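What follows is each chain in one-letter form.
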Amino acid sequence: AAMKQTKGLEGDKMSIIKFEFNPKVGIDNPALTLTEDMDGEGVGEPRFYLLTKDSTETFGFCLHEELGCQGHIIRQIELGGVAQRRGLQDGDRLLQVNGHFVDHMDHLRVVQKIKASGNQVLLVVLDGDSYETAKSLGRDLSQMLPDDIRPRLCHVTRDKSGFGFSVSCPEGTRGTFQLSVLQDGPADRAGVPPGCWLLELNGDSVKSYSHMQLTKKLKQSGNKVTLLVASSAVEEFYRLRGLRITAALADTSRLPFKVRELHLVKSPAGYGFLLKEDDCSSGGVGQFLWDVDVGLPAEQAGMKEGDRVLAVNGESIEGLDHEQTVHRIRAREDQVTLLVIDPAGDEFYHSVGFGGTLLL
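Residues numbered from 1 in each chain as written. Predicted model: local features only at pLDDT ≥ 70, side-chain atom pairs only at ≥ 80, totals over all residues. Heavy atoms only, no water.

*Asks:* Lay out unusual backbone geometry with the relevant residues and their values.
*Replies:* Phi at D184 is positive, roughly 65°, even though this residue is not glycine. Mapped onto the secondary structure, D184 falls in the loop between β12 (178–181) and α4 (186–189). A positive phi angle, close to 50°, is found at D291, a residue other than glycine. Along the polypeptide, D291 turns up in the loop between β18 (285–290) and α7 (297–300). (Helix = DSSP H or I, 4+ residues; strand = E, 2+ residues; numbered from the N terminus.)

*Asks:* Tell me about the environment of G128, residues and numbers included.
*Replies:* Relative to the assigned elements, G128 resides in helix α3 (residues 128–136). Among the residues examined, G128 registers a relative accessible area of 16% and is labelled buried. Along the backbone, G128 and I73 are 55 residues apart, and their C-alpha atoms lie at a distance of 8.2 Å. If sequence neighbours within four positions are ignored, G128 has contacts with G91, D92 and R93. (Buried < 20%, exposed > 50% of the residue type's maximum accessible area, 1.4 Å probe, protein only. Contact = heavy atoms within 4.5 Å.)

*Asks:* Would you mind going over the pattern of salt bridges in detail, with residue names and values included?
*Replies:* Under the counting rule described, the total for this entry stands at ten salt bridges. R189 serves as the salt-bridge partner of D159, at 3.7 Å between the closest nitrogen and oxygen. Note that D159 is positioned in the loop between β10 (152–157) and β11 (165–168) and R189 in helix α4, a separation of 30 residues in sequence. One network of salt bridges, in which partners are shared, links E66, R75 and D90. (Salt bridge = Lys/Arg side-chain N within 4 Å of Asp/Glu carboxyl O.)

*Asks:* How would you sum up the packing of aromatic side chains? Please name residues and give values.
*Replies:* For the structure shown, the criterion picks out six aromatic pairs. Both rings, one in F163 and one in F165, keep their centres 6.1 Å apart while their planes meet at 20°; by these two values the pair is stacked. Accessibility expressed as a relative area gives 8% for F163, which makes it buried. Directly above the ring of F237 sits R241, whose terminal nitrogen or CZ lies 3.7 Å from the centroid. One Lys or Arg, K276, reaches over the ring of W290 and ends 4.6 Å from the middle of that ring. (Phe/Tyr/Trp six-rings, centres within 6.5 Å; stacked < 30°, edge-to-face > 60°. Lys NZ or Arg CZ within 6 Å of the ring centre and 35° of its normal.)

*Asks:* Give a description of the side chain of Q287 that names residues and reports values.
*Replies:* The topology assignment puts Q287 in strand β18. Residue class for Q287 comes out buried when judged on its relative accessible area of 2%. Within the structure, the side chain of Q287 is placed 2.8 Å from the side chain of E277, a separation counted as a polar contact. Discounting residues that sit within four places of it in the chain, Q287 has contacts with L275, K276, E277, D307, R308, V309, I317, L320, D321, H322 and T325. (Polar contact = N/O pair within 3.5 Å; in protein donor to acceptor, adjacent residues only side chain to side chain.)

*Asks:* Explain the pairing of strand β5 (residues 62–66) residue by residue, including any values.
*Replies:* Most of β5 is tucked away, with four of its five residues classed as buried. Hairpin connection between β5 and strand β6 (residues 73–75): a loop of six residues separates the two successive antiparallel strands, and G68 in this loop has a positive phi of roughly 85°. (Pairing = 2+ DSSP bridges.)

As structure tokens, this is what we get:
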């Protein structure tokens, strides 16, 4: 069959990572499959893989869309690369990226989601034969995946009564903290689930903290804290599969910081803004919006000076320089759609290890 390969994820030679056992988080090895067959119809279970690389490497596979075939197809698995070592197979169909169902998404958008994940991504795949069988049976593939398996990032602002949660820790242990949440208190309003487990505080892992150290860190946080938490069910789900929970996997819908989509239609006087390359809070370089003219399309669309551009016309600009970004903006003569984040949101997501591009 003829094949079309859009912007994919190209393989690279990888160094071998030793599997390690940790009694808290399980075994760092290929994810587990629950069963080989479901309902006797020849449809296997989805498989979960957490791929981790360093900043100079790739995940070691390409993602294809092919004429005559459905789905996002795993191809060109690099020999010895992360994908092969974790167990991805040629022909697997990609169902989820970091907890987001992607089978229905545009192919380029899915590739962007993987690239935006940085050095770690959680993939859920189904083998090719099972995928084709499920499609022929009219299965809703999203229903094959468990509900609500994402940890949460919650931003809690203290009131007169405090943060609205208390912490318990088994005597003599480190890093095992369960939260009791006061009903209708700040933590409850921020979306912290009752009885959940604390994994990170303000972007730092708590796995080595004693109860005293955690209490000190909370006091040093001032009036606001950001918690990465997981319910018992979510914690067990990842632990049984030997997968480590990170902020990149989190549900961020309850956070006060949001990216904004701006749709601009050019007027005779232009869009009414300037683009400037400058340093980001993360230490890298970004493209920022400045000199927003009153009454022109940019201001009317809600653009604010200092906003950083994350994507142009639905495509991430991560890794692009100033000239390349300008070219993207000018690609359509009379209109453009920008995904942007304000400085406070940009700094916040960097502080908790959750890059703004992950919100694409």
